[in-house]
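Architecture and fold: a report
Letter by letter, the chains look like this.
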Amino acid sequence: MILITGVSRGLGRALTEEFIRLGHTVIGCGRSEKEITQLQKQFPAPNNFAVVDVSSDEQVAAWAKRILSAHAAPDLLLNNAALINRNTKLWQVPAQEFSDVIDVNIKGVANVIRHFMPAMIKQGRGVIVNFSSGWGRSTDAEVAPYCATKWAIEGLTQSLAQELPPGMAAVPLNPGIIATDMLRSTFGGSAENYPSPEKWAKTAAPFLLKINSADNGKQLTVPVH
Ligand SMILES: NC(=O)c1ccc[n+]([C@@H]2O[C@H](COP(=O)([O-])OP(=O)(O)OC[C@H]3O[C@@H](n4cnc5c(N)ncnc54)[C@H](OP(=O)(O)O)[C@@H]3O)[C@@H](O)[C@H]2O)c1
């Protein structure tokens, strides 16, 4: 089973469709009720889509309890859900917006790990992929809050990798540059010069399925063709 956060659009949505096409079961979440209901209709059980805000530890705890009572632990867990700040200088980012980016991009990832990891460890296998960014390994003006969270993901994930029992893996992943709502928010019109999520998923899904315990702690990047 593959668990993905942030399946209502963008990379999470495209991966959901591609993994199901390849014969996998996908469990996913997002905040947008309409898209989640539509996904469940399009891809019925054993696939399962739920309205969950990953920044809420309570919501993630309840989701994990529900999923783990009906399914084995995830073989592949993708912490994909994230936000980006509106392009602006750090000192102009409102406090609430800064908090929201931290709460989803860092604390949301920790919440999902907190509630799914024990079952994965008990199962004795599984791969955790935390979505980083080019901006988790470099920086630019006007995206300081986002960069801070993605650099945090690189550190958090490599620490986690050092804690895992043999046979498991945790990796930070730079997915590349893909024309999603998030990219349009920060790149504007030039976002359309980049591949669509659907095209990206054709390369990304098989790449993700090959990650194994030999990759534990490695800073991975989806190969661009
Ligand atoms: N696109 C790129 O070029 C690019 C480059 C580098 C890294 N990334 C990373 O790749 C991942 C996916 O990005 P994307 O471009 O697909 O972004 P996107 O199009 O903005 O989609 C983000 C997804 O995350 C969900 N989400 C946001 N906050 C959430 C929350 N609190 N709880 C649950 N779900 C939440 C959104 O759904 P709802 O709004 O319905 O909750 C949506 O499904 C992110 O980690 C991003 O940082 C993307």
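Shown above is the structure to which this text applies.
What you are looking at is a predicted structure, and each value in this text was computed from that prediction instead of being measured. (Residues numbered from 1 in each chain as written. Predicted model: local features only at pLDDT ≥ 70, side-chain atom pairs only at ≥ 80, totals over all residues. Heavy atoms only, no water.)

What follows deals with the sheet that holds strand β5 (residues 126–131). The sheet built from 7 strands is open, its strands ordered β3-β2-β1-β4-β5-β6-β7 with parallel pairing. Of all strands in the sheet, those with a lone pairing partner are β3 (48–51) and β7 (220–221), marking the two edges. Contacts from helix α2 (residues 33–42) reach β2 (26–30) and β3, with the element oriented near 165° to β3. (Pairing = 2+ DSSP bridges. Helix = DSSP H or I, 4+ residues; strand = E, 2+ residues; numbered from the N terminus. Contact = heavy atoms within 4.5 Å. Axes fitted to C-alpha atoms, helices over the stretch in contact; angles between N-to-C directions.)

For side chains of opposite charge, pairing can occur when their charged atoms come near one another. Tallied over the entire structure, the rule returns 12 salt bridges. One salt bridge in this structure joins D75 and R125, with 2.1 Å as the shortest N-O distance. Pair noted here: D75 is in the loop between α3 (57–70) and β4 (76–79) and R125 is in the loop between α4 (95–123) and β5, with a separation of 50 residues, a long-range link. Classification of D75 by relative accessible area gives partly exposed; the value is 31%. Under the relative-accessibility criterion, R125 is labelled partly exposed at 40%. Among the salt bridges present, the one from D215 reaches K218, with a minimum N-O distance of 3.6 Å. Residue class for D215 comes out buried when judged on its relative accessible area of 15%. (Salt bridge = Lys/Arg side-chain N within 4 Å of Asp/Glu carboxyl O. Buried < 20%, exposed > 50% of the residue type's maximum accessible area, 1.4 Å probe, protein only.)

Counting residues in each nonpolar core, the largest one holds 30 residues, and the members touching the most others are L15, F19, L78, V129, W200 and L208. Sorting the residues of this core by element identifies β1 (2–5), α1 (10–21), α2, β4, β5, β6 (168–174) and α7 (197–209) as the ones contributing at least two each. Beyond its immediate stretch of four places on either side in the chain, V129 contacts L76, L77, L78, N79, V171, L173, L208 and I211. Counting residues in each nonpolar core, the second largest holds 28 residues, with V60, I67, I113 and L164 among its members. (Core = buried A, V, L, I, M, F, W, Y, C linked by side-chain atoms within 4.5 Å.)

All right, on to the site of the ligand then. Looking at the ligand, there are 30 residues lining it, with S8, R31, S32, Y146 and T180 nearest. Interatomic distance of 2.8 Å between a backbone N/O atom of L11 and an oxygen atom of the ligand. Elements that contribute at least two residues to the shell around the ligand include exactly α1, α5 (144–163) and α6 (181–187). Looking at the shell around the ligand element by element, the count peaks at 3 residues for α6. Here the shell around the ligand is built from residues that sort into 15 nonpolar, 10 polar and 5 charged. (Near = heavy atom within 4 Å. Polar contact = N/O pair within 3.5 Å; in protein donor to acceptor, adjacent residues only side chain to side chain. Nonpolar A, V, L, I, M, F, W, Y, C, P; charged D, E, K, R; others polar.)

It is worth stressing that arrangement in space is one thing and function is another; only the former is reported here.
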